[in-house]
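Results of the structural survey
Next come the chains, spelled out residue by residue.
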Amino acid sequence: MSRRTVIAGGTMLAGGAATLAGGAIGAGVSNAARFSLGFAPHEGSFASRGGLLEQIAYAADQGFRAWEDNEAAARPVAQQVAMASALSKRGMAMGVFVASMPKWSQSRPVLGGKDDAEREGFLADLRASIEVAKRLNATHATVVTGFLDSRLPNDIQTARVIDVMRRAADIVAPHKLTLVMEPLNTRTNHPGVFMQTISQGYAVARGVNSPYVKVLADLYHEQIQSGNLIPTLGTCWDEVGYIQFGDNPGRNEPGTGEINYATIVRWLRAKRYGGVIGMEHGNSVAGRAGEDRLVAAYRTIDTAIEGEAK
């Protein structure tokens, strides 16, 4: 089961967090006021509107400026090309896709373990992802840094993960593709993963010391695992390369849980964040009513900050 299946069930930066997916997101034709920030739906966000390309068109008509697709690497080449063309025509940026999908049911790979074959397999996936990124015009790709080996000290595993991510940086750097490592919560969704917090991702990214390896700050996961979202983002900002939203509990649109996303948006705007913000969550209500509610939720947090800025 893919991560997207699980979810469906339920700028340029000031300071150091360098260029994000698509950079500052460009203008394009739309039938609605365009969002001021780069919120990015995904396939399933507007499922009632048709297939993938129809959903992209509908998202553009609602004013969305970007798109995200975890499963893009597994799509047929022709569909990847068609998606890139659709996004380009509507002036939408491509957000992340997953460059190396873990084997969730097997808790693999263990990148900090003793098996070099698992690290080599991970790097092979990254090499294959480069052509996918080119077809999609994607500048960022998600990686999950594997699972823990309970028999080894965490410090040893951290050193090995840093080593393999340095090798990964060497692979993607010539192609200007940035890998964003995603910390995942272990309390609700992903027990046993190696990287569990943004601060842990910061430490690994610092060790890798490359502009092509950064941290994906998924605020749903961070809220569950650690909380303290804005101070954590501020402390780790130099190594944050991408943002994702999702409320908690439930992993649905903003306003359905405990996270004050209007305040998060205010903070991101103050940081002059101009990159993609992945809508890494499901809809709380099924069907078109839920899709309308999704758009309204993002319009609320987007326009609220505009009003406060005047």
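The structure reproduced in this document is the subject of the present report. In this text the structure is predicted, and so the values were computed from the model without any measurement.

1. Thoughts on the sheet that holds strand S6 (residues 178–181)
Across the sheet, which stays open at both edges, the 7 strands sit in the order S1-S9-S8-S7-S6-S5-S4 with parallel pairing between neighbours. Sheet topology places strand S1 (38–40) and strand S4 (98–100) at the edges, where each strand pairs with a single neighbour. When the angles between neighbouring strand axes are averaged without regard to direction, this sheet yields 35°. Two elements, strand S7 (residues 213–218) and strand S8 (residues 240–245), share 4 bridges in a ladder whose sense is parallel. Note that in S8 the partner of Asp218 across the bridge is Gln244. Against the sheet, helix H4 (residues 116–136) makes contact with S4, strand S5 (140–143) and S6, and its axis sits at roughly 135° relative to S4, the strand it touches most.

2. As for the environment of Glu68
For Glu68, the position within the fold is in the loop between strand S2 (66–67) and helix H3 (77–89). For Glu68, a relative accessible area of 0% gives the class buried. Taking C-alpha positions, Glu68 is 9.0 Å from Ile277, a pair spaced 209 residues apart along the chain.

3. Points about the pairing of S5
Judged by which residues are buried, S5 turns out to be covered on both faces: His140 and Thr142 on one side and Ala141 and Val143 on the other are all buried. Strand direction decides the pairing type here: S4 and S5, joined by 2 bridges, are parallel. For Val98, the partnering residue across the bridge sits in S5 and is Thr142. Of the crossover connections in this fold, the one passing from S4 over H4 to the parallel S5 is right-handed.

4. Side note on the pattern of salt bridges
Taken as a whole, this structure holds 15 salt bridges when the rule is applied. Taking the shortest distance from any N to any O, the salt bridge between Asp163 and Arg166 comes out at 4.0 Å. Of this pair, Asp163 and Arg166 are both found in helix H5 (residues 154–172), 3 residues apart, which corresponds to roughly one turn of the helix. You can call Arg166 partly exposed: its relative accessible area is 41%.

5. Notes on the packing of aromatic side chains
Taken as a whole, this structure holds 11 aromatic pairs when the rule is applied. Their ring planes at 80° and their centres at 6.2 Å tell us that Trp104 and Phe147 sit as a pair that is edge-to-face. One end of the pair, Trp104, is in the loop between S4 and H4; the other, Phe147, is in the loop between S5 and H5, with 43 residues separating them in the sequence. Among the residues examined, Phe147 registers a relative accessible area of 4% and is labelled buried. Put simply, the rings of Phe35, Phe39, Phe46, Tyr58, Phe64, Phe245, Tyr261 and Tyr298 pair up and form one aromatic cluster. One Lys or Arg, Arg299, reaches over the ring of Phe35 and ends 3.9 Å from the middle of that ring.

6. Some points on the side chain of His221
Positionally, His221 belongs in helix H7 (residues 219–225). There is a polar contact of 2.8 Å between the side chain of His221 and the side chain of Asn185.

7. Some thoughts on the side chain of His140
Looking at the secondary structure, you find His140 in strand S5. Here Thr139 takes part through its side chain, which lies 2.9 Å from a polar atom of the side chain of His140.

8. Comments concerning the packing of H4 against H5
Interaxial distance between H4 and H5 falls to 10 Å at its minimum, and their mutual angle equals 25°. By the angle between their directions, the pair H4 and H5 is classed as roughly parallel. Between H4 and H5 lies a crossing of right-handed hand. Taken together, the residues of H5 that come into contact with H4 (itself represented by Arg119, Glu120, Phe122, Leu123, Leu126, Arg127 and Ile130) are Arg160, Val164, Met165, Arg167, Ala168 and Ile171. When the residues that make up the contact of H4 with H5 are grouped by side-chain class, the tally is 8 nonpolar, no polar and 5 charged.

9. Looking at helix H6 (residues 198–208)
Where H6 is concerned, the buried positions are Ile198, Gly201, Val204, Ala205, Gly207 and Val208. Along its buried surface, H6 packs onto H5, S6, S7, H7 and helix H8 (229–236). Looking at the residues trailing H6, positive phi occurs at Asn209, about 60°.

Reading the values: the criteria
Residues numbered from 1 in each chain as written. Predicted model: local features only at pLDDT ≥ 70, side-chain atom pairs only at ≥ 80, totals over all residues. Heavy atoms only, no water. Pairing = 2+ DSSP bridges. Helix = DSSP H or I, 4+ residues; strand = E, 2+ residues; numbered from the N terminus. Axes fitted to C-alpha atoms, helices over the stretch in contact; angles between N-to-C directions. Contact = heavy atoms within 4.5 Å. Buried < 20%, exposed > 50% of the residue type's maximum accessible area, 1.4 Å probe, protein only. Right-handed = clockwise from strand over helix to strand, strands pointing away. Salt bridge = Lys/Arg side-chain N within 4 Å of Asp/Glu carboxyl O. Phe/Tyr/Trp six-rings, centres within 6.5 Å; stacked < 30°, edge-to-face > 60°. Lys NZ or Arg CZ within 6 Å of the ring centre and 35° of its normal. Polar contact = N/O pair within 3.5 Å; in protein donor to acceptor, adjacent residues only side chain to side chain. Parallel < 35°, antiparallel > 145°, perpendicular 65-115°, else oblique. Left-handed = near helix turned anticlockwise from the far one by under 90°. Nonpolar A, V, L, I, M, F, W, Y, C, P; charged D, E, K, R; others polar.

Spatial relationships are all this shows, so hold off on functional conclusions.
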